[in-house]
Every structure is written in C-alpha cells, then in structure tokens.
Amino acid sequence: MPEAGFAGERLHGFHPVREALRARRRRCHRLVLREGLRHPELATLEGLAAEAGVPCARLPRPAFDGLAGAEARAQGFLLEADPLPLVPLETFCEPREGPRWLVALDQVQDPQNVGAIARVAEAAGALGLLLPRHRTAPPTPSVSKASAGALEVLPVARVTNLARALETLQGAGYWTLAADPEAPDELFALPDRMLRGDLVLVLGGEGRGLRPGLGPRLDHRARIPMRGRVASLNVATAAAVFLFELVRRAPR
C-alpha cells in the first residue's frame, strides 16, 4: 500500500477523484481520507472505491497533511494512483461511426487552460486530445482538477512532433482547422462542408500562437469575430466556441 514515498500521482478534488474511480483507466492504489472528515459526497467516493477494489485508508490529520498538498489538506481526501495512461496516435486513426473530432494544442503551457480545454472537448463529444511533449502542459493531477475530471475519461495522446502527427491524421482522413485571430475567414461564415466530417481543431497558446512550422499542415484557418475592444479570447474559451460550432453544424 503506498505510503509517503509513493512515486505515483495524488489526485484531489471531488470530480477528478470520482471520475478516476469510475473510469478505472488508471491503476488506483488507495483512497486516503482524513480522520473525522465530513463531506456530503464522501459516501459516493467510498462506494466507488469499494466497487473498484480500491482500499480506503483513514489517517490522523498530521499523517494526512504530510501526504497532501494545500488543496487536498483543505478537502480532507485524495486518491493515490498511477499516472494517466496515454493512447498511441494511431488510436485516433481507426475508423469509427460518425465524425471524428480531435483537439490538438501547441504551446498551451497553463495547466488551467489545458484542463478547461479537456473539459469542453469531452462535453462536445471530441474523440481525444493531442498534446506535444514539449512546450505544452502535460496531463498532471492539476490538469485533471482543472478539467473537473474530464481528463479521466478523454483519451490523450502525446507526440514528439505535432506537425508530423497532423500529417499522419491527414493521411487517415482528417482535415485540420486552426483557430487564428489573424485569419481572413470568420468561423461562423465557413461553409458547412469545412466543418463537417473528421476534423482536428488546432489551438495555440495565448501570446505565442501556433508555431510557423505547423503552417503546411493546416488545411484551414478561421477566427472568431470580435465585436468588442478586446483583441482575442482566452484559448479555452476559443476552444469552446469552435467546438460547439462543430456541434451546431453536425448533421442530426
């Protein structure tokens, strides 16, 4: 049973812990509770842990606080688990019924943004998330918490070279669409044929944008029309606008 020297990850926050126990994608080692904890959803977590065969440990406050970070100390519980399992890029190349949508991030380094994008991607029905191994936040417990647990159910692939990964996906039938505030075409004015079918939405980091090397791998670029004084939206907000425009345009 993992102790203080545990080398895996410690998830905190009700939603990430609940979804990790439900999804059973990670190997979960134990649910750790502070003695005397009262939480309205504690019975839910204990029940899910029991169903998954995950032991539950109750620790005195000093012992619990020695394991937990500041947020987990305040909440009084955490889940010790292996890192989130990744999927190979080829998983997204397999044929399946209905449109395949992916979200690829480039230079999005803020874990809060990556988590928020994972949350909206899962809510919109995206197939998965594509993260470069460099200059983009990895799928950590902080990202899972920011995603409200969506990262526990949304498949994630990490790639060394995003341009080559996009080329592979294009070979498997995907079009690529980049969110670009400088693009000449407005998102809402694009014809349906450009927003239907298998599509990779490519998003760049705030202030950094997309690296020039991705240019040859982008089939289309579009911008969100801005009517106010701000120049652009937060990248997670832009992801939501693009993804739910895909949902709106999808054949029913």
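Structure first, text after, so check above.
One structure accompanies this document, and this report is about it. Because the structure is predicted, anything quoted here is derived from the model rather than measured. (Residues numbered from 1 in each chain as written. Predicted model: local features only at pLDDT ≥ 70, side-chain atom pairs only at ≥ 80, totals over all residues. Heavy atoms only, no water.)

## Description of the sheet that holds strand β5 (residues 101-106)
Basically, it comes down to this: Note on pairing: two strands pair once DSSP finds at least 2 bridges between them. We count a stretch as a helix when DSSP gives it H or I for four or more residues in a row; a strand needs E for two or more, and each element gets its number in order from the N terminus. To get an axis, a line is fitted to the C-alpha atoms, and for a helix only the part in contact is used. The angle between two axes follows their N-to-C directions and goes from 0 to 180 degrees. Any two residues having at least one pair of non-hydrogen atoms within 4.5 Å are treated as being in contact.
Spatial strand order, β7-β6-β5-β9-β8-β10: six strands in an open sheet with parallel pairing. Of all the strands in the sheet, the pair left with one neighbour each is β7 (156-159) and β10 (220-222). Averaged over neighbouring strand pairs, the angle between their axes works out to 25 degrees when direction is ignored. Bridge count between strand β8 (residues 175-179) and strand β9 (residues 199-204): four bridges; the pairing is parallel. The partner of L177 across the bridge, within β9, is L201. Packing against the sheet, helix α7 (residues 162-171) makes contact with β5, β6 (128-132), β7, β8 and β9, and its axis sits at approximately 165 degrees to β5. Packed onto the sheet, helix α8 (residues 235-249) meets β5, β8, β9 and β10 and runs at close to 165 degrees relative to β9.

## Some points on the sheet that holds strand β3 (residues 56-59)
An order of β1-β4-β2-β3 is seen for the four strands of this open sheet, with the pairing classed as mixed. Each edge of the open sheet is held by one strand with a lone partner, namely β1 (9-11) and β3. Averaged over all pairs of adjacent strands, the angle between strand axes in this sheet comes to 25 degrees, irrespective of strand direction. Sheet strands touched by helix α1 (residues 14-23): β1, β2 (28-34) and β4 (77-81). Its angle to β4, the strand with the most contacts, is close to 40 degrees. Packing against the sheet, helix α2 (residues 42-52) makes contact with β2, β3 and β4, and its axis sits at approximately 155 degrees to β2.

## Notes on unusual backbone geometry
Despite not being glycine, Q107 shows a phi value in the positive range, around 65 degrees. Tracing the chain through its elements places Q107 in the loop between β5 and α5 (111-124). Of note, R135 is a non-glycine position whose phi angle comes to about 65 degrees, a positive value. Tracing the backbone through its elements, the reader meets R135 in the loop between β6 and α6 (141-146).

## Considerations on the environment of L48
As for its position among the elements, L48 is in helix α2. The sequence separation of L48 and V17 amounts to 31 residues, and the corresponding C-alpha distance is 9.8 Å. Contacts of L48, omitting those with residues within four sequence positions, involve R18, L21 and R22.

## As for the environment of V153
How we decide: Partly exposed describes any residue whose relative accessible area lies between the buried limit of under 20% and the exposed limit of over 50%, with all areas from a 1.4 Å probe on protein chains only and scaled to the type maximum.
Its place among the elements puts V153 in the loop between α6 and β7. Note on V153: relative accessible area 36%, which makes it partly exposed. Between the alpha carbons of V153 and E94 there is a distance of 18 Å; along the sequence they are 59 residues apart. Among all residues touching V153, those that are not within four sequence positions of it are E19, A23, R25 and E122.

## Section: the layout of surface pockets
Rules: Residues are called lining when one of their atoms sits within 4 Å of a cavity or pocket point, these points coming from a 1 Å grid over the protein atoms alone, where a cavity is a set in which a 1.4 Å probe fits but cannot get out and a pocket is an open set with protein on both sides within 12 Å along at least five of seven lines. Grid points are joined across faces, edges and corners, and a volume is the space filled by probe spheres set on the points.
By volume, the largest pocket is sized at about 520 Å³. Surrounding the largest pocket, 28 residues form its lining, A179, D180, P181, G204 and S232 being those nearest its centre. Secondary-structure elements contributing two or more residues to the lining of the largest pocket are β9, β10 and α8. The element that contributes the greatest number of residues to the lining of the largest pocket is α8, accounting for three residues.

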